[in-house]
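Spelled out from the first residue to the last, the chains are:
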Amino acid sequence: MKDDQKWWRDDSVWLDLFNPALREDSSKAERAAKLLHCLLVDIENNPQGSMRALECLENGFRLAFSFTPTYRTCLILFQASLDNDFPRDLDSMERVVEAAKRVKVELKRGLVSRPKRSREDE
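Cut-off values and rules
Residues numbered from 1 in each chain as written. Predicted model: local features only at pLDDT ≥ 70, side-chain atom pairs only at ≥ 80, totals over all residues. Heavy atoms only, no water. Core = buried A, V, L, I, M, F, W, Y, C linked by side-chain atoms within 4.5 Å. Buried < 20%, exposed > 50% of the residue type's maximum accessible area, 1.4 Å probe, protein only. Helix = DSSP H or I, 4+ residues; strand = E, 2+ residues; numbered from the N terminus. Contact = heavy atoms within 4.5 Å. Salt bridge = Lys/Arg side-chain N within 4 Å of Asp/Glu carboxyl O. Axes fitted to C-alpha atoms, helices over the stretch in contact; angles between N-to-C directions. Parallel < 35°, antiparallel > 145°, perpendicular 65-115°, else oblique. Nonpolar A, V, L, I, M, F, W, Y, C, P; charged D, E, K, R; others polar. Phe/Tyr/Trp six-rings, centres within 6.5 Å; stacked < 30°, edge-to-face > 60°.

Section: the nonpolar core
In globular proteins that are soluble, nonpolar side chains generally tend to be buried together.
Then, in step 1: Residues I76, L77, A80, F86, A99 and V103 constitute the largest nonpolar core, which totals six residues.
Then, in step 2: Residue assignment for this core shows that the elements contributing at least two residues are α4 (69-80) and α5 (92-109).
Then, in step 3: With three residues, α4 is the single largest residue contributor to this core.
Then, in step 4: Discounting chain neighbours no more than four positions away, the residues touching V103 are I76, L77 and A80.

Re the pattern of salt bridges
Then, in step 1: As enumerated under the stated definition, the model contains five salt bridges in all.
Then, in step 2: D83 is paired through a salt bridge with R102; the nearest N and O atoms lie 3.7 Å apart. Of this pair, D83 sits in the loop between α4 and α5 while R102 sits in helix α5; the two residues are 19 residues apart in sequence, bridging distant segments of the chain.
Then, in step 3: Across the pair R102 and E98 runs a salt bridge, and its minimum N-O distance is 3.0 Å. Residue R102 and its partner E98 are both found in helix α5; the two are separated by four residues, about one turn of the helix.

A closer look at the side chain of S81
Then, in step 1: Its place among the elements puts S81 in the loop between α4 and α5.
Then, in step 2: Not counting residues up to four positions away in its chain, the partners in contact with S81 are F86, R88, R95 and A99.

Notes on the packing of α4 against α5
The relative placement of two packed helices comes down to the angle between their axes together with the axis-to-axis distance.
Then, in step 1: For the pair α4 and α5, the least separation of the axes is 8 Å and the interaxial angle reads 95°. It follows that α4 is roughly perpendicular to α5 by the angle criterion. Contact residues: I76, L77 and A80 in α4; V96, A99, A100 and V103 in α5.
Then, in step 2: When grouped by side-chain class, the residues that make up the contact of α4 with α5 number seven nonpolar, no polar and no charged.

Quick notes on the packing of aromatic side chains
Then, in step 1: Counted by the stated rule, this structure contains two aromatic pairs.
Then, in step 2: Where W14 meets F18, the ring centres are 5.4 Å apart and the plane angle is 50°; that geometry is what we call tilted. Placement of the pair is W14 and F18 together in helix α1 (residues 11-22), with a separation of four residues, close to one helical turn.
Then, in step 3: The partly exposed category is assigned to W14, whose relative accessible area is 40%.
Then, in step 4: Given the relative accessible area of 31%, F18 is considered partly exposed.
Then, in step 5: With centroids separated by 5.6 Å and ring planes inclined at 85°, the aromatic side chains of F65 and Y71 adopt a geometry described as edge-to-face.
Then, in step 6: Here F65 falls in the partly exposed class, since its relative accessible area comes to 31%.

Structure representation (C-alpha cells):
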C-alpha cells in the first residue's frame, strides 16, 4: 500500500471529522468513544467480532453517504427509475444511464430542480 493511501491513519483526519461534531456536546463524544471501544473489544474477543464490526462500519458508511452531495443525485436517479414506463429488464448500470438521460431531459425542460450547492462547492 502506498503512503498516500494511508491518509486515514492520520490523527488530523479524525480530528477534522470529530472536532466540529463533538466539541459542543460531550455526550456525543462519549457515545462515539464507546462505539469505537465496543468495536475494538468485539474484534479482539469474539469469533464473530470482525463480522459484526464490519457490519457496523458498513452501516456508518451508508448513513454518512446520506450527507454527501452525491446522495441527492443518486436519489434523483433512483426516483427517475421508478417511473411506470421505465424499462424493467435493464441491469443496474443500464438503469442508472437511462435514469440519467431522463433527468437530463427534465432538467432542460426545467421540471427537476438541481440540488442546492453549498458554499464549499462554489
